[in-house]
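# Examination of the molecular architecture
Residues per chain, in single letters:
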Amino acid sequence: MILSLLWFIVLILAFTSVGVMLVRDWRWLIILLAVQYGGMFILALQHWPIGMAAVKVIAGWMSAAILGMTRSNLVDDQNDNDALPQGRLFRLIAAFIVILIVTSGAPLVDAMMADAGLAVSAGSLLLIGMGLLHLGVTDRVLQVTIGLMTIIAGFEILYTAVESSVLVAALLAVVNLGLALAGSYLMIASSAREAEST
Amino acid sequence: MNAPTIWIILPAVIAVLLMLINNQRALSLIGGGTAILLAIFAQFVPIEEAFRLNTLSFKIESSMNVLGRSLLIQPEEGTLLALIYGSAALWFFGAEASRTSQKIVPIGLLITAFMVAAIAVEPFLFAALFIEVAVLLAIPMLTSIYKPPGKGIIRFLIYQTLAMPFLLLSGWLLAGVESSPGNLALAAQSASILGLGFAFLFAIFPLYNWIPMLLEEAPPFIVGFLLWLLPTITVIFGAGFIDRYSWLRTSPQLATALQLAGIIMIVTGGLWAAFQRHIGRIMAYGSVAETGLSLLALSLDLRLGIPILFLLLPARALTLVVWSFSLTLLKDRSETLRFSSVRGMLRTSPFASIGLVIASLSTSGFPLLAGFPSRLALWDSLARVSLVTALWMGVGIVGMFIASFRTLAVLSMADEYSSWDVSENLLQGIMLGLGVIGIFVLGLFPQTVQYFLSDLPGMFEHLGR
């Protein structure tokens, strides 16, 4: 039962991380990011007590809220609302390749990481892979920030299996919030050009 | 009272308070004064020993517990703290003259405090988290909220952030290798992950493309500060890894990898600099080559390499502060830092031009200048290990020399009848003059810094002994 739940969570992570790459509407990006942190919370529960795992989901949701609130105050960019983003097929194929790599690499990583659990390793690798792919196909500040947060979320899932320090949990939460704040700052700065040109 | 409170929490609190001040001069003086006081305190007040001041007697504890882990500043690290805060003071005092005080002083002091925390945290591999926080703090310092960020800043954020997971994971894997040294597959995996982490953090070829981009987009004085602080702390963090794990310390493959990475950095940095037409990008590649020198020093027999590594640090700090300050002044007076824009500026900005050329020559290893003693020692030691590598180091240095002389030629290429018109103010002239004198003093009398540097290897358990 629990194992099935974990694999269901991995499936949700696959859906959200691929979705983050495909959608252009920032509202959907933020919603998918928030769902991703929910999935991360359940995977982190496999190794951490609920109190510490909750730090991750709260920090993640706060980060998503920071990004969303900043983006909502900026002028809408035409490209952001594009329902059918260009290169969607390419991204889907690339995401499929990442999923294949994760499928073959997860058992190896599971063995390497002190038996973290196959579902935990797979979920973690999936987020890391999709985050890296996301960074490779975009240079927009919001997308780059979400890509970095996805990679760190994947890493955090894996790291819960080997490290249970409160200091690390706190610092990783600070890093997540810091990334969201840095992303928001850069988004506002980017909008300076748009405001100038309009 | 404990050492982490004095050298981490206190400067962090002062930095936050400084954010409330708008006056450039007050910021520069308070920030610089704080850094100098912290440096003097670090050098002369012993840690974990009773210290008597008239009738008062007090003792500074070395550690502080934070969330179940500890921040530990060992007595041997006092000199390193003095070097870090002393060098930071150079930037803070120069900030007013370069009109960057409002950003570099408060945020720079906060970043410095986090970097000191990175050195102090136990277990030491958690340093990667503190470095990442410092990188995130650097974002508002590098770019204005009123100006769109360039690609350099985005790449800086991406590359430096990617380093953190690799380093944290490698730290855990390395502990596994330590407990089962026969597991070669695990050793190879952990070494690869460690290498990737440091490649991102050190900006090793080809991951350094954000440095020249950043110098085109952001204020040179602020970028110079980061190009000094980040590699300096990273190299100490990296040396800590080598010190901690005996299998890593004795691995011949590590020495080869460091040597290869270092020489590629020097050669590409030198050659790319030689072909640049932008004086900011020349500084970027100079800094890349300088990082390569640090890696080469780490690749040598560590009894020899560690003293050379520490000899590189003060020269790097002083050279970069003069170089970035000069660039800032030239940028204020020309449209861009391209050769076509700064042509003939020796006549209008003589102090900045001279500072720029001297700093550039010092990085090239020109005799009598600050960079010369460390490069000579490194070159000599390297030639004993591998003549071919020493030859390649020479190629990189020649590249840097070409860049320096091209810069000198462009800056002095004024129209025949243009008159001398000094545009720098007195404060800027004095700051640059002192910096250039400092570069000559470090070059002519390298033994002056030996007083500080001789104790530094003591901070490691195994290295440099």
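Residues numbered from 1 in each chain as written. Chains lettered and ligands numbered in written order. Predicted model: local features only at pLDDT ≥ 70, side-chain atom pairs only at ≥ 80, totals over all residues. Heavy atoms only, no water.

Take the overall build of chain A next. If you tally the helices and strands in chain A, you get seven helices and zero strands. Going residue by residue from the N terminus, the α and β elements of chain A occur as α-α-α-α-α-α-α. Compactness check: chain A gives a C-alpha radius of gyration of 17 Å against a globular reference of 16 Å for 198 residues, within 12% of the reference. Within chain A, buried positions represent 59% of all 198 residues. Here the analysis covers contacts within chain A between residues at least 6 apart in sequence; of these, 74% occur between residues at least 24 apart. Approximately 8400 Å² of chain A is accessible, and the part contributed by carbon and sulfur atoms is 72%. Of note, chain A has its 8 positive side-chain charges centred 6 Å away from the centre of its 12 negative side-chain charges. (Helix = DSSP H or I, 4+ residues; strand = E, 2+ residues; numbered from the N terminus. Rg over C-alpha atoms; globule rule 2.2 N^0.38 Å. Buried < 20%, exposed > 50% of the residue type's maximum accessible area, 1.4 Å probe, protein only. Contact = heavy atoms within 4.5 Å. Areas by Shrake-Rupley, 256 points an atom, 1.4 Å probe, with all protein chains shown as cover. Lys, Arg positive; Asp, Glu negative; His and termini not counted. Charge placed at Lys NZ, Arg CZ, Asp CG, Glu CD.)

What follows concerns the environment of tryptophan 48 of chain A. Residue and element names in this part refer to chain A. The residue tryptophan 48 is located in the loop between helix H2 (26-44) and helix H3 (50-72) in this model. With a relative accessible area of 4%, tryptophan 48 lands in the buried category. Residues tryptophan 48 and serine 121, spaced 73 residues apart in sequence, show a C-alpha to C-alpha distance of 15 Å. Sequence-distant contacts of tryptophan 48, that is, excluding residues within four places in its chain, are made with Ala53, Lys56, Thr160, Glu163, Ser164 and Ala169. Within the local environment of tryptophan 48, its side chain forms a polar contact with the backbone oxygen of glutamate 163, the two atoms lying 2.9 Å apart. (Polar contact = N/O pair within 3.5 Å; in protein donor to acceptor, adjacent residues only side chain to side chain.)

What follows deals with the side chain of histidine 278 of chain B. Along the chain, the position of histidine 278 of chain B falls in the loop between helix H11 (252-274) and helix H12 (279-299). Relative accessible area serves as the criterion here: at 5%, histidine 278 of chain B is assigned to the buried category.

Now for the pattern of salt bridges. For side chains bearing opposite charge, pairing can occur when the charged atoms are close. Counted by the stated rule, this structure contains eleven salt bridges over all chains. Of the charged contacts, one joins aspartate 25 of chain A and arginine 27 of chain A as a salt bridge, the two residues approaching to 3.0 Å between their closest N and O atoms. With a closest N to O distance of 2.9 Å, aspartate 301 of chain B and arginine 303 of chain B form a salt bridge. Judged by relative accessible area, which is 42%, aspartate 301 of chain B ranks as partly exposed. When salt bridges that share partners are traced, they join Glu216, Arg281 and Arg338 of chain B into one network. (Salt bridge = Lys/Arg side-chain N within 4 Å of Asp/Glu carboxyl O.)

Residues and elements named next belong to chain B. Where helix H7 (residues 184-202) meets helix H9 (residues 220-244), the closest approach of the two axes is 10 Å, and the angle between their N-to-C directions is 165°. Our classification of the angle between H7 and H9 gives roughly antiparallel. Every pair of crossing elements has a handedness; the one defined by H7 and H9 is left-handed. Facing H7, whose interface residues are Leu194, Phe198, Leu201 and Phe202, H9 presents Pro231, Thr234, Val235, Phe237, Gly238 and Phe241. (Axes fitted to C-alpha atoms, helices over the stretch in contact; angles between N-to-C directions. Parallel < 35°, antiparallel > 145°, perpendicular 65-115°, else oblique. Left-handed = near helix turned anticlockwise from the far one by under 90°.)

All names here are of chain B. Within the secondary structure layout, threonine 363 lies in helix H15 (residues 350-364). Exposure remark for threonine 363: the relative accessible area of 8% places this residue in the buried category. With residues up to four places along the chain from it excluded, the contact list for threonine 363 reads Gly286, Glu290, Thr319, Trp323, Arg375 and Met400.

What follows is about the packing of aromatic side chains. Residues and elements named next belong to chain B. Following the criterion strictly, the structure yields 25 aromatic pairs over all chains and no others. A ring pair is formed by tryptophan 91 and phenylalanine 221, whose centres lie 6.3 Å apart and whose planes are at 45°; its orientation type is tilted. With tryptophan 91 in helix H3 (residues 78-98) and phenylalanine 221 in helix H9, this residue pair connects regions lying 130 residues apart in the sequence. Taking relative accessible area as the criterion, phenylalanine 221 reaches 1% and is therefore assigned buried. Here phenylalanine 401 and phenylalanine 405 contribute two aromatic rings whose centre-to-centre distance is 6.2 Å and whose plane-to-plane angle is 20°, an arrangement assigned as stacked. Here phenylalanine 401 and its partner phenylalanine 405 are both found in helix H17 (residues 387-412), four residues apart, which amounts to about one turn of the helix. (Phe/Tyr/Trp six-rings, centres within 6.5 Å; stacked < 30°, edge-to-face > 60°.)

To continue, consider the sheet that holds strand S4 (residues 69-72) of chain B. Where strands meet in a sheet, backbone hydrogen bonds hold them as pairs that are either parallel or antiparallel. All names here are of chain B. The three strands are arranged S3-S4-S5 in an open sheet whose pairing can be described as antiparallel. Of all strands in the sheet, those with a lone pairing partner are strand S3 (63-66) and strand S5 (121-122), marking the two edges. Of the strand pairs in this sheet, S3 and S4 are connected by four bridges, and their pairing is antiparallel. For valine 66, the partnering residue across the bridge sits in S4 and is arginine 69. (Pairing = 2+ DSSP bridges.)

Listed by partner, the interface residues are 36 residues for chain A and 37 residues for chain B. When chain A packs against chain B, close to 3100 Å² is buried across both sides, 85% of that on carbon and sulfur atoms. By the criterion of area lost to chain B, the three top residues of chain A are Met112, Leu167 and Tyr185 of chain A, representing 21% of everything that side buries. The closest approach of N and O atoms between arginine 69 of chain B and glutamate 163 of chain A, which form a salt bridge, is 3.3 Å. Taken together, chain A and chain B are joined by five residue pairs in polar contact (both at pLDDT 80 or more). Only helix H5 (118-137), helix H6 (141-160) and helix H7 (166-197) of chain A provide two or more residues apiece to the side of chain A that touches chain B. Per-element accounting of the side of chain A that touches chain B gives the leading share, 19 residues, to H7 of chain A. (Buried area = accessible area lost by both parts, 1.4 Å probe.)

Turning next to helix H16 (residues 371-385) of chain B. Residue and element names in this part refer to chain B. An ideal rise of 1.5 Å per residue puts 21 Å on 15 residues; H16 measures up with 21 Å between its terminal C-alpha atoms. Within the span of H16, buried status applies to Gly371, Pro373, Ser374, Arg375, Leu378, Ser381 and Leu382. As for H16, its buried residues are in contact with H11, H12, helix H13 (302-333), H15, H17 and helix H18 (426-444). (Expected span 1.5 Å × (residues − 1).)

Another point: H7 of chain B. The terminal C-alpha atoms of H7 of chain B, which comprises 19 residues, lie 26 Å apart, in line with the 27 Å expected from a rise of 1.5 Å per residue. Trailing H7 of chain B by a residue or two, alanine 203 of chain B shows a phi angle of about 60°, which is positive.

Another aspect to go through is the packing of H11 of chain B against H12 of chain B. Residues and elements named next belong to chain B. The contact between H11 and H12 brings their axes to 7 Å, and the two run at 160°. Relative to H12, H11 is oriented roughly antiparallel. Where H11 crosses over H12, the two elements pack in a sense that is left-handed. Note on element contacts: H12 touches H11 through Ile282, Tyr285, Val288, Ala289, Thr291, Gly292, Leu293, Leu295, Leu296, Leu298 and Ser299, opposite Ala255, Leu258, Gln259, Ala261, Gly262, Ile263, Met265, Ile266, Gly269, Trp272 and Ala273. Across the contact of H11 with H12, the residue classes tally to 16 nonpolar, six polar and no charged. (Nonpolar A, V, L, I, M, F, W, Y, C, P; charged D, E, K, R; others polar.)

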